Amino acid sequence: MRSLRFVPQHRGHEPAQPPPEDDRAFFGQPRGLMTLSGLEVWERFSFLGMQAILVLFFADTVANGGMGMDPGTAASVSAAYGTLVYLVSVAGGWLADRILGSYRAVLYGGILIACGHYSMAVPTDAMTWVGLGLISAGTGLLKPNVASMVGKLYRTDDERRDAGFALYYMGINIGAFAGPLITGWLGEHWSWHWGFSAAAIGMTFGLIQYVAGRRHLVGRKEGAEFALAPDAMRRAVRLIIGGAVAVAAVATVLALVGWLTIDRFVDVLTVISIIAPIAYFVVMFKSPRVTAEERGRLRPYVVLFLGSVFFNFILFQAYSTMILLASTNARTEIFGFTFPASWYASALGAFEVALAPVVAATWVRMGRRQPHASNKIAFGVILGGLSFLLMVLPTSGHADDTYKMAVWWIVGSYLLLGLGDVLLETSGLSASSKLAPKAFASQTMALWFLSLAVANGIQAQTVKLYGEVSNPAYFGVNGAIAVAAGVAMILAAPWLKRTMHPVH
């Protein structure tokens, strides 16, 4: 297909088309992918570096600088924080589409994230909660809109698209690998708040390189692509600010009178995480902005959404129950070297860094012969379930909880989980950008991240059973459910292929 030619642009404006197909400056991909991948390296460094030590910080004793929660509560609160992060992504997509534009939404989100991590570096409980709130708001602005900007670098029929998302995801996992190494060492050897400080510095680096590489980005307009009329925009801004203040005030009052406890807050987030995607799908299906053809492609997207929920329910426990298990029942030395339990989270990132280019090269080599996107996602879900089923073996047959499993059991589980993550998330992000109705482009990407909110919301309830039931039962049942969900998606593949056309 003939490449589209750029029309020269005035400074401060963006090209109206994706880059020409001969823009292969970054490993055969558009050079804008380097800017966005670089941002995600540092964003994931900060986010997952903090996430790797958050549950340990919650569960550690007050005397050691922690918050003194029991393990089940620590895992539940950590999952609730993840729920809030991805719930806010819906608002982030809407703000980008209607008010800010993708570029500014990502920039402002990064600033909020950095401020949140700097707040958590202050060793007080109050600043911890303030920091988590700022990070939640910032991530909700940044995450869906970065992925949407990656999608804008490619035409729908560009076969480099899946490979580009795989490289983008490799960038994410470089940060996921490096973050826990730094924050985990500082957190467990110095103090948890030193670990949070490292996350803050990482996000600052990400913002600097994002601004420096902005000229290579597609979609960097002065305003939103589907901007509200001026009067409507002013009303929306007033409602957003007023609503935020009102919610904060009500929450403060309820907390002061003793009604809004941590457990109730977690329960409320779980309910919202389930209701929100249902309501959002209804809005998109009924919207007059969505054509009949686009509405038809939304139906299979619901199935992909559910696949993401089942997989990420397992994945996010790599930073909660798996880290807790590693801290109590896994060896933390290899070849005579002792390491922090939080470093296990880096194994997941390392596998994803190593596997992402292999997967990307495989898809490029296979071309049109590669598996359909729905099957890639189904394989990812199955691998996620198998990663938990594997943990049944080393946790079975012990008289008490004093056993120590070999390092390789958790590393092997993370290998399966990492491959599943590369298969599912790259294909899911790519399919989302292709199935998205034009009028809901950034918001449909936000809806994909809302599947992560559902996964975290459900996890926030189920992890309460960790430590209450036997470990073999906990990991076995959860893993079996995920495998069954993946098999069901494979059985639905003929319908998915037909209804997702022209997405392959």
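The structure displayed is predicted, hence computed values, not measured ones.

Undergrad: Break down empty space enclosed by the protein for me, citing the residues and quoting the values.
TA: Within this structure, the stated rule accounts for two cavities of 30 Å³ or more. The calculated volume of the largest cavity comes to roughly 270 Å³. Taken together, 22 residues line the largest cavity, and the ones lying closest to its centre are Arg 44, Tyr 86, Tyr 169, Leu 315 and Asp 421. It is helix H5 (residues 161-189) that provides the largest number of residues to the lining of the largest cavity, a total of five residues. Along the lines of polarity and charge, the residues of the lining of the largest cavity split into 15 nonpolar, two polar and five charged. Within this model, the second largest cavity holds a volume of roughly 30 Å³. What lines the second largest cavity is Gln 51, Ser 78, Ala 79, Phe 316, Ser 320, Asn 456 and Gln 459. Of all the secondary-structure elements, those providing two or more residues to the lining of the second largest cavity are helix H2 (71-100) and helix H15 (441-462).

Undergrad: Provide a residue-level description of the layout of surface pockets, including the pertinent values.
TA: Of the pockets and cavities examined, the largest pocket occupies roughly 1600 Å³. In this structure, the largest pocket is lined by 36 residues; those nearest its centre are Leu 84, Gly 133, Val 247, Ala 251 and Phe 265. Elements with a contribution of two residues or more to the lining of the largest pocket: H2, helix H4 (125-151), helix H7 (230-256) and helix H8 (262-286). Top element by residues in the lining of the largest pocket is H7. It accounts for 13 residues. Its residues assigned to classes, the lining of the largest pocket comprises 31 nonpolar, five polar and no charged.

Undergrad: A description of helix H11 (residues 344-366) should follow, citing residues and the corresponding values.
TA: Here H11 spans 33 Å end to end across 23 residues, near enough to the 33 Å set by a 1.5 Å rise per residue. Residue Leu 355 marks the point of greatest curvature in H11, where the axis turns by about 30°; the proline Pro 357 follows within four residues. Along H11, the residues that are buried comprise Tyr 344, Ala 345, Ser 346, Ala 347, Leu 348, Gly 349, Glu 352, Leu 355, Ala 356, Val 359, Ala 360 and Trp 363. Downstream of H11 by a residue or two, Gly 367 has a phi angle that is positive, lying close to 60°.

Undergrad: Before we move on, could you go through helix H6 (residues 192-212) and cite the residues and values that matter?
TA: Here H6 is 21 residues long and its end C-alpha atoms lie 31 Å apart, about the 30 Å a rise of 1.5 Å per residue gives. Along H6, the residues classified as buried are Trp 192, His 193, Gly 195, Phe 196, Ala 198, Ala 199, Ala 200, Gly 202, Met 203, Gly 206, Leu 207 and Tyr 210.

Undergrad: Can you lay out the nonpolar core for me, pointing to particular residues and giving the numbers?
TA: Met 50, Phe 58, Tyr 210, Tyr 344, Ile 410 and Tyr 414 are the most contacted members of the largest nonpolar core, which has 126 residues in total. At 13 residues, the largest contribution of residues to this core is made by helix H1 (residues 32-59). In terms of nonpolar packing, the next biggest core, distinct from the first, is built from seven residues, Ala 96, Ile 99, Leu 100 and Leu 141 among them.

Undergrad: With reference to specific residues and values, describe the environment of Thr 73.
TA: For Thr 73, the position within the fold is in helix H2. In this structure Thr 73 comes out as partly exposed when scored by relative accessible area, which is 25%. In this structure the C-alpha to C-alpha distance between Thr 73 and Ile 262, which are 189 residues apart in sequence, comes to 8.9 Å.

Undergrad: Lay out the side chain of Ser 387 in plain terms, naming residues and giving numbers.
TA: Along the chain, the position of Ser 387 falls in helix H12 (residues 373-390). On the basis of relative accessibility, which here comes to 0%, the residue Ser 387 falls in the buried class. Side-chain polar atoms of Ser 387 contact the backbone oxygen of Gly 384, separated by 2.6 Å. The contacts of Ser 387, once residues within four sequence positions are left out, are Ile 314, Ser 413, Leu 416 and Leu 417.

Undergrad: I'd like to hear about the confidence of the model for the protein, residue by residue, with values.
TA: Confidence in the prediction for the protein averages 81 pLDDT; 88% of positions are at 70 or higher. Note that residues 1-16 has pLDDT below 50 and, in this model, 25 contacts with residues that lie over four places away or in other chains.

Undergrad: Go over the packing of H8 against helix H9 (residues 292-315), please, and point to the residues and values.
TA: Taken N-terminus to C-terminus, the directions of H8 and H9 make an angle of 165°; their axes are 10 Å apart at the nearest point. In terms of orientation, H8 lies roughly antiparallel with respect to H9. Between H8 and H9 lies a crossing whose hand is right-handed. Together, Pro 277, Phe 281, Met 284 and Phe 285 of H8 and Arg 295, Leu 298, Arg 299, Tyr 301, Val 302 and Phe 305 of H9 make up the contact between the two elements. Class assignment for the residues of the contact of H8 with H9 results in eight nonpolar, no polar and two charged.

About the thresholds
- Residues numbered from 1 in each chain as written.
- Predicted model: local features only at pLDDT ≥ 70, side-chain atom pairs only at ≥ 80, totals over all residues.
- Heavy atoms only, no water.
- 1 Å grid on protein atoms, 1.4 Å probe; cavity = no way out; pocket = protein on both sides within 12 Å on 5 of 7 lines; lining within 4 Å.
- Points joined across faces, edges and corners; volume = space filled by probe spheres on them.
- Helix = DSSP H or I, 4+ residues; strand = E, 2+ residues; numbered from the N terminus.
- Nonpolar A, V, L, I, M, F, W, Y, C, P; charged D, E, K, R; others polar.
- Expected span 1.5 Å × (residues − 1).
- Bend = angle between axes of the 7 residues up to and from the residue.
- Buried < 20%, exposed > 50% of the residue type's maximum accessible area, 1.4 Å probe, protein only.
- Core = buried A, V, L, I, M, F, W, Y, C linked by side-chain atoms within 4.5 Å.
- Polar contact = N/O pair within 3.5 Å; in protein donor to acceptor, adjacent residues only side chain to side chain.
- Contact = heavy atoms within 4.5 Å.
- pLDDT = per-residue confidence, 0-100.
- Axes fitted to C-alpha atoms, helices over the stretch in contact; angles between N-to-C directions.
- Parallel < 35°, antiparallel > 145°, perpendicular 65-115°, else oblique.
- Left-handed = near helix turned anticlockwise from the far one by under 90°.

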